Amino acid sequence: MFTFSVTDVHAVITRGRIDALANGGFRNPYYGLRPGKDEKPGLWLVGDEGVYLLSNGKLAEGQRALVVYAEECDPKTNPDYWHYKRKHFGGDDGIEFLDAEMLVKQIAAVPRATHVRIEMTDTSMSITPFRR
């Protein structure tokens, strides 16, 4: 399970939209394998050196996307992040695309939500807004 503050999730979505407006759209959710197909606002849930959300707006040369680490899996704050990532995301690096519109609707359905929990299994992913 990975926990992100609602404020951080909205910040990553907003930054992706700003980057897209400034730089010609959104990066492809198929990681460049299907150019011109389904470019839309979203986030990537990335598992590599920790687990984090990454905005998908196109970037200018040398620009970096906004990255927000999961509370449980930030290399700067959790010395066991690697083991946690391996247990809950898997041993290999990976990326899952999250549709921004769907995520915003889910958060809005729980108006007092302060955080979002993402849980992954071998075959599914669930996203749950909640109040801490």
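Residues numbered from 1 in each chain as written. Predicted model: local features only at pLDDT ≥ 70, side-chain atom pairs only at ≥ 80, totals over all residues. Heavy atoms only, no water.

- The chain appears in an unreviewed UniProt entry as DUF3085 domain-containing protein from Ancylobacter novellus.

Here's the deal with the nonpolar core
(1) Moving on: Core analysis: the largest hydrophobic core is formed by 25 residues, its most contacted members being F2, F4, V9, L43, L45 and I118.
(2) Moving on: At the level of secondary structure, the elements contributing two or more residues to this core comprise β1 (2-5), α1 (6-23), β2 (42-48), β3 (50-55), α2 (81-88), α3 (100-108) and β6 (115-120).
(3) Moving on: Of the residues forming this core, the biggest block, four residues, is contributed by α1.
(4) Moving on: Beyond its immediate chain neighbours, meaning those up to four positions away, F4 contacts V9, L45, Y52, L53, V68, Y69, A70, H115, V116 and I118.
(5) Moving on: Residues W44, V46, Y52 and L54 belong to the second largest nonpolar core, which totals six residues. (Core = buried A, V, L, I, M, F, W, Y, C linked by side-chain atoms within 4.5 Å. Buried < 20%, exposed > 50% of the residue type's maximum accessible area, 1.4 Å probe, protein only. Helix = DSSP H or I, 4+ residues; strand = E, 2+ residues; numbered from the N terminus. Contact = heavy atoms within 4.5 Å.)

Examining the side chain of D19
(1) Moving on: Tracing the chain through its elements places D19 in helix α1.
(2) Moving on: For D19, a relative accessible area of 3% corresponds to the buried category.

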